[in-house]
Every structure is written in structure tokens, then in C-alpha cells.
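# Chain and residue survey
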Amino acid sequence: MKINERIEEVFEEAVQIRRLLHSQPELSQKEINTSRLISSFLSQYEIEHATGIGGHGVVAVVRGKGKPIKGQRFFTIGIRADMDALPIEERVQIPFKSKIPGIMHACGHDIHMAVLMGTAKVFKEMEDQIPGNIKFFFEPAEETIGGAKAMIEEGCLENPRVDVVIGLHVSPELEAGKIQFKRGKMNAASTEFEITIEGSACHGAHPENGIDSIAAASSVVCNLQSIITRNISPTNPAVITVGQIHGGTKNNVLAKETVFSGIIRALDSDTKSFIKSRVKEMAENVARGFGATAEVLFTDSFPALINDDEVEDMIESAAKKVFSKDQIHFLQEPSLGADDFSYFSEAVRAVYFNIGCLDTNENNYQTLHNEMFNPSEECIRTGMLMEVFGVLELFQQTK
Ligand SMILES: [Zn+2]
Ligand SMILES: [Zn+2]
């Protein structure tokens, strides 16, 4: 049977799996039933797998028994899907609406899992012909702590050693049935910061007797933006956002302490490190000007997501065999959003791409993380086609 026909058959099953996953979403680090469902599906089709990887993650493998191709470059290819849902109350009226109050698959991770499960089934049936191994990474906690990091630390890229990882994300900015690639830099590196400005309290009517931490903090907040406009090239995108500020206890008391926090995003680690050092310098020196002190804490989050251009070319050439020209799109600009797929792209050669999920019949454009997010299930077909043919293309690459 032709591969396309096989995908078509499995597609219906993948849609049903997606609906089941959608109805029982689980938050980051709590993907217990989700992991169980994946495991029982894999067991049903006798696909080798291990659970409890990096939290509630699942790693499956199909060991191809086909003869290696002369000069073959890649022998083990990984495919990743994230598992967690979001603390959002679903407002979409569909028969398989979330049964869990306040939790919803509003980032399409139910789709990503269904695509990967369908792909695993197709590959298992083809194992006698495949000249290499395929590993399937079901990754927990993408939305919070970045489950990819823990999975990699627990060795998911070893035994057998993974040469390339691919992954996809649904995009409501693109019609279902379309696919979107990006060369090089795709998503930002992310760091969180917290700055504590320490002054001294006194009566608000006699400010000369104290040090006003709110006045100092306000000045630091304003000056942080000058790092982006005056220290970074205008052609190098980066952002500093202060998202919270807390200080003071009473209207007529000078605030002893003000704490504010936010995020730094940049498209490469050098720019991110440079911004961090400037934030520290700026906070400490501006605070000093007020007679206050600043303590600056950073928590590094995801690294930058940079696609491997050569692997990207290979995936693109697979896409050209399966999709028509008007279905293949290219993202012109990188995003300052972050995705923890970057831990994979930092560790091995990797490519991340988008699959369109906008339902043009419904005129229901919603953004990701929205209570009305309602992707077209057509994208499950697109995703499976791309994962199956993308991996087969990578195996066929020779030196
Ligand atoms: Zn998300
Ligand atoms: Zn997501």
C-alpha cells in the first residue's frame, strides 16, 4: 500500500485521539492521564516505549529493519510533540469540549500529540523497510519549565544516539493544509529578571529624611528601555518588558523597598548575555544615584531556537514532493516568542516548522492561548504527511 493511503487511513484514528486528548487536558507537570493514553496507544500497536521521562514524558522508538543506503548520513531521527494544556476555561462549543474546568488545550498540543501518535503507527507498520530508527518524544511541561531540558538530561537523545530532531507547531495565522518554514533564527532566547530596590522609609511629608525606593525604581524601569534603543543595533531584535512592580505600604510613607520583574528576549545567546550585563549595570548605577541599592536576579529560561539550514533544505524538499507550491510558505521574520524545542536544537541538528490550522470555512481566527481557539483538524493530515515524508527524506540523504 502507498504511504499516502496509509496516512489517510490512520488520519481518521488520529482525529479521534485528538478529540479524546482535547476533552481531558492536563496542566504542565500533571500530564498523568495524557501519558497513560499515549502509552496504551503505543502498547496497542506494539511500539517500544518508556514512560516517566523528564516528568510525565514518553519516549518511543521504532527500530527500522531496512538495509542502510550507501553513504547514508542520518540513522536515528527524533520527532517531538508537547503534551501540556493551559489554565484557560474553554468557550468553544464542540462535542469534545474540555471536561476539566479551567483547563484547555489552547496551544494545539493535543494536535501535536495526535499527529505524532499517527506518525508512530505508520512507521511501525513500515519498520521492515526503514533504514534507521525513529524516536518519538512526547514532551511534558512545555508551557512552564520546559520539559525538553529534563528529557535531554535523562538521555532521550542517546541509545540510539539521535542525529536530527524535527518538531512542529500549529499556527492559526496560516490556513489549514499549509505549511511554513523558517531558516536560521526562529524563536528567542528568554530570561526572567527580578530587581529589588532598597531605600529607607520615613514620613512622606519629609522625604529628605529617607531614600525613596519607588522614585529610584521608576527611574530604573524607564532607563532599562534605553538598553534596547541605545546599546543594541536597531537591526538586532530584542525586548525588555517589566511586567510587575510592587512597592510601598502606605500613602504617607516613603517606600523602603520596591521590587519589579520582567523578561528579556533576544534572538541569540550573545545578545541575551550582553543585555543581562547592561540591566545589572543600569539598575545598580541608577539606584546608586538615588542613594538606594539594587539587587538583580536572573533566571535563564529557554535558549534561542535556531534551525539548521541544511536540514531545513532537506525537509523543504520533502514538502515539495507532498504539497503543492501554494501550500508551502516561508516565515520572513523570526519571533521573539519562545519555545522549548530550542533545547533540542541546541543539542543536535534540528528543524522546527509551523502547520496552518486556520479554518477558512468558519471565519474563526483566534490566537493561540485564547479561550476560543478552535483549530481545523485538517492540520493533523498536514502534520502527519510532513513528519512521515520529512523523516524518510532525511534517511535518504547521502554523503
Ligand atoms: Zn503555548
Ligand atoms: Zn504550544
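The residue count restarts for each chain, going from 1 along the sequence in the order it is written. Chains and ligands are labelled sequentially in the order written, the chains with letters from A and the ligands with numbers from 1. Owing to the predicted nature of the model, reporting of local features is limited to residues with pLDDT of at least 70; listing and counting of side-chain atom pairs is limited to 80 or more, with chain, interface and lining totals taken over all residues. Think of the side-chain values as coming from all heavy atoms in the structure, minus any hydrogens and water.

### Notes on the coordination of the zinc ion (ligand 1)
- In the first shell of the zinc ion (ligand 1), the protein supplies Cys107 (SG), Glu143 (OE), Glu143 (OE) and His369 (NE2), at 2.0 to 2.7 Å from the metal.
- Motif for the zinc ion (ligand 1), donor spacing along one chain: C-x35-E-x225-H. The donor set covers N, O and S atoms within 2.8 Å of the metal, switching to 3.2 Å for Na, K and Ca, and it leaves out water, so a site may look short of donors.

### Concerning the UniProt feature "binding site: Mn(2+)" (unreviewed entry) in the protein
- UniProt positions are given in the numbering used here, feature names are shortened, and annotations may be inferred rather than shown by experiment. Per the UniProt entry, the sites bearing "binding site: Mn(2+)" (unreviewed entry) are Cys107, His109, Glu143, His169 and His369 in this numbering. A maximum C-alpha distance of 13.0 Å among these annotated residues, which run over 263 residues, shows that they cluster at one spot.
- Each helix is a run of DSSP H or I of at least 4 residues and each strand a run of E of at least 2, with the numbering of both proceeding from the N terminus. Structurally, the position occupied by histidine 109 is in helix 3 (residues 109-125).
- Throughout, a contact is declared for two residues whenever any of their heavy atoms are within 4.5 Å. Apart from the residues within four sequence positions on either side, histidine 109 is in contact with Asp82, Met83, Asp84, Glu142, Glu143 and His169.
- At 3.2 Å, the side chain of histidine 109 forms a polar contact with the side chain of aspartate 82.
- Topologically, glutamate 143 is positioned in the loop between strand 4 (133-139) and helix 4 (147-153).
- Among all residues touching glutamate 143, those that are not within four sequence positions of it are Ser28, Asp84, Ala85, Leu86, Cys107, His109 and His369. N or O atoms within 3.5 Å of each other form a polar contact, as long as, within protein, one can give a hydrogen and the other can take it, and as long as residues adjacent in sequence are counted only when both atoms are side-chain atoms.

### Section: the packing of helix 1 (residues 3-23) against helix 3
- One can describe the packing of helix 1 onto helix 3 by two numbers: an axis separation of 8 Å at closest approach and a directional angle of 145°. Every pair of crossing elements has a handedness; the one defined by helix 1 and helix 3 is right-handed. Contacts between helix 1 and helix 3 involve Arg6, Ile7, Val10, Glu13, Ala14, Ile17, Arg18, Leu21 and His22 from the former and Asp110, Ile111, Met113, Ala114, Met117, Gly118, Lys121, Val122 and Glu125 from the latter. Inter-axis angles, ranging from 0 to 180 degrees, are taken between N-to-C directions of lines fitted to C-alpha atoms, where helices are fitted over the stretch in contact. The crossing is said to be left-handed when, going from far helix to near helix, the turn is anticlockwise and less than a right angle, and right-handed when the turn is clockwise.

### A look at the UniProt feature "domain: Peptidase M20 dimerisation" (unreviewed entry) in the protein
- The positions UniProt marks with the feature "domain: Peptidase M20 dimerisation" (unreviewed entry) are residues 191-287.
- For residues 191-287, the end-to-end C-alpha separation is 22 Å, with 39% helix and 29% strand making up the annotated structure.

### Digging into the state of the cysteines
- Any two cysteine sulfur atoms within 2.5 Å of one another count as a disulfide. Overall, the coordinates contain zero disulfides when judged by the stated rule.
- In this structure cysteine 379 is a free cysteine whose sulfur lies 5.4 Å from that of cysteine 357, the closest cysteine sulfur available.

### Looking at the packing of aromatic side chains
- Only Phe, Tyr and Trp rings take part, Trp by its six-membered ring, and two of them pair if their centres are within 6.5 Å. Stacked means planes under 30 degrees apart, edge-to-face means over 60, and tilted covers everything else. The tally for this structure, following the rule as stated, stands at seven aromatic pairs.
- Summarising the aromatic geometry, the rings of phenylalanine 341 and phenylalanine 344 are spaced 5.8 Å apart at their centres and angled 45° between planes, so their arrangement reads as tilted.
- Think of it in three bands: with a 1.4 Å probe and only protein chains considered, a residue is buried below 20% of the maximum accessible area for its type, exposed above 50%, and partly exposed in between. For phenylalanine 344, a relative accessible area of 0% puts it in the buried group.
- For a lysine, the NZ atom is tested; for an arginine, the CZ atom; a charge sits over a ring if that atom is within 6 Å of the ring centre and within 35 degrees of the ring normal. Between lysine 276 and the ring centre of phenylalanine 298, over which it is positioned, the NZ or CZ distance is 5.4 Å.
- Positioned above the aromatic ring of phenylalanine 11, the side-chain terminus of arginine 381 is 4.1 Å from the ring centre.

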